[in-house]
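# Chain and residue survey
Below are the chains, spelled out letter by letter.
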4 protein chains.
Amino acid sequence: MAQRAPEEQDKTSGRPRDRSIGEAAISATLEILETDGYFAVSVEAVARRAGTSRPAIYRRWSGRASLALAAVAARLDVPDSPDTGCTLCDLGDSFALFLAAYRTIRPDALSALYAECASDPDLRERYLDTVVAPVRCAVAQTLDRAVARGDLRPETDRGLLLDMVGSLVYYRAMLGQEHLSNDEAVHAIRILLQGAARDYGALLAHSEAMEHAHLHASTESG
Amino acid sequence: MAQRAPEEQDKTSGRPRDRSIGEAAISATLEILETDGYFAVSVEAVARRAGTSRPAIYRRWSGRASLALAAVAARLDVPDSPDTGCTLCDLGDSFALFLAAYRTIRPDALSALYAECASDPDLRERYLDTVVAPVRCAVAQTLDRAVARGDLRPETDRGLLLDMVGSLVYYRAMLGQEHLSNDEAVHAIRILLQGAARDYGALLAHSEAMEHAHLHASTESG
Amino acid sequence: MAQRAPEEQDKTSGRPRDRSIGEAAISATLEILETDGYFAVSVEAVARRAGTSRPAIYRRWSGRASLALAAVAARLDVPDSPDTGCTLCDLGDSFALFLAAYRTIRPDALSALYAECASDPDLRERYLDTVVAPVRCAVAQTLDRAVARGDLRPETDRGLLLDMVGSLVYYRAMLGQEHLSNDEAVHAIRILLQGAARDYGALLAHSEAMEHAHLHASTESG
Amino acid sequence: MAQRAPEEQDKTSGRPRDRSIGEAAISATLEILETDGYFAVSVEAVARRAGTSRPAIYRRWSGRASLALAAVAARLDVPDSPDTGCTLCDLGDSFALFLAAYRTIRPDALSALYAECASDPDLRERYLDTVVAPVRCAVAQTLDRAVARGDLRPETDRGLLLDMVGSLVYYRAMLGQEHLSNDEAVHAIRILLQGAARDYGALLAHSEAMEHAHLHASTESG
DNA sequence: TGCTAAGCGAGACGGTACGTCCCGTCTTAAT
DNA sequence: ATTAAGACGGGACGTACCGTCTCGCTTAGCA
């Protein structure tokens, strides 16, 4: 009762699905989501706006939540984890990527969508995989590399640190009137790494050197 | 279109409102919330379980969200901010209080409730005041005292630190399968204060001393 | 699963039914019936054209057949049986009344409606009562009076005679491209009464005398 | 959009149509018609029961009505008009033949089928040709012979008389709980011919003589 | 024998209409 | 004036079935 996503059509016989309907439905959903919020999204309304019929929607998704999730997933650019060699920079870039991704989605849509997904295990998993995981995953890789470089204290609970980064973004993405700003992100990273890094000063120095190198590179290439 | 809370009845004439109906409705709402989750809460269901009629509910609240919010508010014990004189202990206690408070509410109920409140400015404000503010407020006082004692670095962004604490609790309260554990809370505080404290070692020492004093006190009184 | 007709609302409490919706539905049904035929009548289409919703229709009728039957019943003027004292005239008038009544309804609507009613005993009975019975009844009274006057041969099967009159009208009303004409009706009556009357010549004479009387009356009063 | 009957395949190339599919479909239709009535007939149901697919049906008929009509046509034995030389007997035999033919078809099927055919001119014509015409035609021939013999009054409207006979059978075949009985048919003929015959007594006498001859013949041959 | 065209079963398609649920409102009678 | 009762008008639901279409294969008849 959850996915039935368009991409899953591997059937050998039968009339092939009209791809444009699925796309129109996703577009319509995103429009409604942006214009009137999650609760204005209904299979009925989406079908109407997409110029199609309810059954055509139900053939592709199991209901409102599944549809909205697909729409949000289509909107979310899943960012690749940055790898500059500098833990501080990577973390900053990770934050920036998340923020960029979530900024395309109305804050309340996320909470409403999650709320509706929460009661269905399948859907909940898809939500976490689609919306939460990419963010966590990118940060996780960054942290893994930091660990590999020996930048973090050995006793640091990586999972918790992950949550502390992720939760901050989410908190604002879901509850906030506005998303986290870049300045706030930089500040938060400082606090977290001052607490978690083996030698924050060294990281900072490295970062600044990188920045200079980058500036030089930019200057030279420019 | 939002509150119409029971306490607002100032009418001078006519049959007075039966106060027990409001109470029964709140109880019924809490029961349904715990048993079957937020989406099982409907004015219909609450009226039925409270042994009253739908219009009687609508006379007191504007709808499901308003009603559920009132119920959650009734459930949440707003904790007083602890003041032990030790920043580390205070922060730990603050965490513990929030966790205790939120633990009485199903994680998904919070996100669903917020989602529904988000579209109505009045309701949204009430939600933030009722559910979010107490947590933030208690931590804020703790942080203020820490600042007053000179325990934090001067450049620390107190608001951001506040969000980092609050968001962690919320993140887990709303998204998590389970709420934050005490161990995780302790660990998180360590990271945050190692980052934000002027001298984390001193705070730690103070805390341990307090703990010993407390242990002695307990021992002596026991 | 059949009637639930608007007139049956005797409830003591609760919001009273909006009478105009029922009327609009009947009107809409009649319009569709006339314009596009029985098969274009659907609860959906009627609700749309009546500017209301499907449930509002279902609250009043059990479905398409029931609704269409009510509409046809509203259209059919149930004629009073004529009583001129002249069997020939009465029968002629009866025919004319039926024809006038059925002429307001598309021939194919009757057969389609009956076809759909036939499978539901309740509905079938209502159909017979509403559409068929009035016609039969009026003729039956005419024949009864003829019998009372001694105008018919004693061995005549009154029920069969009734069917022979009714069937002729129905046959044309349901199957025919066009309804029975007045001339055909007069001719049919002659055939039937020549066969069934004790003394057809006397009836004819009587009828002509009546006609003259009527003409004189008309002349005198005119 | 109406017939597309199996016999119309004149294509010169390509795989020829599998004749057995058409036959299986007709059989399946008749079975469903008898067992569950007209409304249980659907292209889907027929295809399933005939062990074939929906498109295969649609290749042969335009839809349910067309299919059902073909099935009914296959069932109806078109009776030859009897010619005994006796008007009364011929008419009685004609009635009997119709009744026998229609008795093989559920009364409600006729009205439902006609109702559905009525909206499509092509189909309507086919219905009249297939179901109605044979009956009318056989009676018409009987009446023609009666006219030729001088048995009917010259002023009799032959078409109307035709309708009076046909309508009576139809009326009962379509509307009735049960078909017309033989006794009723005899009685109806008496009424009609008493009205339409030049000399009913002579016809009656002739008929009785025939009957005797027939009895004798039967006796002799038996 | 190989090609071609139309047949075939299978099954999903797009869409209409269905009959139902539940929401939030309104009316009535009674307290 | 407010209560409990309960029906109201209506938005949306999820489903059944319609008639169509696409597929991959089969099957004749023409070349």
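Rules used throughout
Numbering of residues begins from 1 in every chain and follows the order in which that chain's sequence is written. Think of it this way: whatever chain is written first is A, whatever ligand is written first is 1, and the rest follow in order. With the structure being a predicted model, the display of local features is reserved for residues of pLDDT at least 70 and the display and counting of side-chain atom pairs for 80 or more, all residues being used for whole-chain, interface and lining totals. Remark: hydrogens and water are excluded; side-chain values derive from all non-hydrogen atoms of the structure. Nearness is defined per residue: one heavy atom within 4 Å of the molecule or strand is enough. Polar contacts here mean pairs of N or O atoms no more than 3.5 Å apart (in protein, one a potential hydrogen donor and the other a potential acceptor; neighbouring residues in sequence count only if both atoms are side-chain atoms). Helix numbering and strand numbering both begin at the N terminus, where a helix is a DSSP run of H or I of at least 4 residues and a strand a DSSP run of E of at least 2. Contacts between residues were defined by any pair of non-hydrogen atoms, one from each residue, lying within 4.5 Å. As used here, buried area is the combined drop in accessible area, with a 1.4 Å probe, of two parts when they are placed together. Salt bridge criterion: a side-chain nitrogen from Lys or Arg within 4 Å of a carboxyl oxygen from Asp or Glu. Only Asp, Glu, Lys and Arg are considered charged in this grouping, and only Ala, Val, Leu, Ile, Met, Phe, Trp, Tyr, Cys and Pro are considered nonpolar; every other residue, Gly among them, is considered polar. As used throughout, domain bounds are those supplied by an automatic or database domain assignment. Residues below a pLDDT of 70 in either copy are left out; the C-alpha atoms of the rest, at least 70 in both, set the least-squares superposition of the copies.

Before going further, it helps to examine the protein's contact with DNA strand E. Surrounding DNA strand E, one finds 47 residues, the nearest of these being Arg17 of chain A, Tyr58 of chain B, Tyr58 of chain C together with Thr52 and Arg60 of chain D. Note that a base nitrogen of DNA strand E is positioned 2.9 Å from one of the side-chain N or O atoms of Arg59 of chain A. Tyr58 of chain C is positioned with one of its side-chain polar atoms (N or O) 2.3 Å from a phosphate oxygen of DNA strand E. Contributions of two or more residues to the surface near DNA strand E are made by α3 (54-58) of chain A, α2 (43-50) and α3 (54-58) of chain B, α2 (43-50) and α3 (54-58) of chain C together with α3 (54-58) of chain D.

Turning next to the interface of chain D and chain C. On the chain C side, the residues contacting the 38 residues of chain D number 38 residues. Interface area for chain D against chain C, summed over the two sides, is near 3,300 Å², with a carbon-plus-sulfur share of 68%. Ranking the residues of chain D by area buried against chain C places Tyr171, Leu175 and Ile191 of chain D at the top, with a combined share of 20%. For the pair chain D and chain C, the number of links is 0 salt bridges. Across the chain D-chain C interface, the total number found is 6 residue pairs in polar contact (both at pLDDT 80 or more). If you list the elements that add at least two residues to the side of chain D that touches chain C, you get α6 (107-117), α7 (121-149), α8 (158-174) and α9 (182-196) of chain D. Element by element, the count of residues in the side of chain D that touches chain C is highest for α8 of chain D, at 11 residues. For the side of chain D that touches chain C, a count of residues per class yields 18 nonpolar, 9 polar and 11 charged.

Taken together, 46 residues sit near DNA strand F, with Arg54 and Tyr58 of chain A, Arg17 and Thr52 of chain C together with Tyr58 of chain D positioned nearest. What you see for DNA strand F is that sugar and phosphate hold 61% of its atoms within 4 Å of the protein. A distance of 2.3 Å is found between a phosphate oxygen of DNA strand F and a side-chain nitrogen or oxygen belonging to Tyr58 of chain A. Interatomic distance of 3.2 Å between a side-chain N/O atom of Ser42 of chain D and a phosphate oxygen of DNA strand F. Elements represented by at least two residues in the surface near DNA strand F include exactly α2 (43-50) and α3 of chain A, α3 of chain B, α3 of chain C together with α2 (43-49) and α3 of chain D.

A few words on the domain arrangement of chain A. All names here are of chain A. The assigned domain composition of chain A is domain 1 (6-73) and domain 2 (77-221). Facing the 14 residues of domain 1 at the interface are 14 residues of domain 2. With both chains or domains summed, domain 1 and domain 2 bury close to 1,100 Å², and 71% of this area falls on carbon and sulfur atoms. For the domain 1 face of the interface with domain 2, the top three residues by lost area are Tyr38, Leu69 and Val72, together amounting to 50%. Between domain 1 and domain 2 we count 1 salt bridge in total. The salt bridge involving Arg64 is made with Glu116; its shortest N-O contact spans 3.2 Å. If you look at where domain 1 meets domain 2, you find 3 residue pairs in polar contact (both at pLDDT 80 or more). For the side of domain 1 that touches domain 2, the elements supplying multiple residues, two or more each, are α1 (19-36) and α4 (64-75). The biggest single contributor to the side of domain 1 that touches domain 2 is α4, with 7 residues. Across the side of domain 1 that touches domain 2, the residue classes tally to 8 nonpolar, 3 polar and 3 charged.

This part covers the relation of the copies chain A and chain B. For the pair chain A and chain B, the best superposition has an RMSD of 0.4 Å and corresponds to a rotation of 179° with a translation of 0.0 Å parallel to the axis. Such a turn and shift between the copies fits a two-fold axis. Considering only C-alpha atoms, the residue of chain A closest to the rotation axis is Gly195 of chain A, which sits at 2.0 Å.

This part takes up the interface of chain A and chain B. Contact residues are listed per partner, giving 39 residues for chain A and 38 residues for chain B. Where chain A abuts chain B, roughly 3,300 Å² becomes buried across the two surfaces, and 68% of that area is made up of carbon and sulfur atoms. Of all residues in chain A, Tyr171, Leu175 and Ile191 of chain A bury the most surface against chain B, accounting for 20% of the area lost on that side. Across the chain A-chain B interface, the total number found is 0 salt bridges. The interface formed by chain A and chain B holds 5 residue pairs in polar contact (both at pLDDT 80 or more) in total. Contributions of two or more residues to the side of chain A that touches chain B are made by α6 (107-118), α7 (121-149), α8 (158-174) and α9 (182-196) of chain A. In terms of residue class, the side of chain A that touches chain B is made up of 19 nonpolar, 9 polar and 11 charged.

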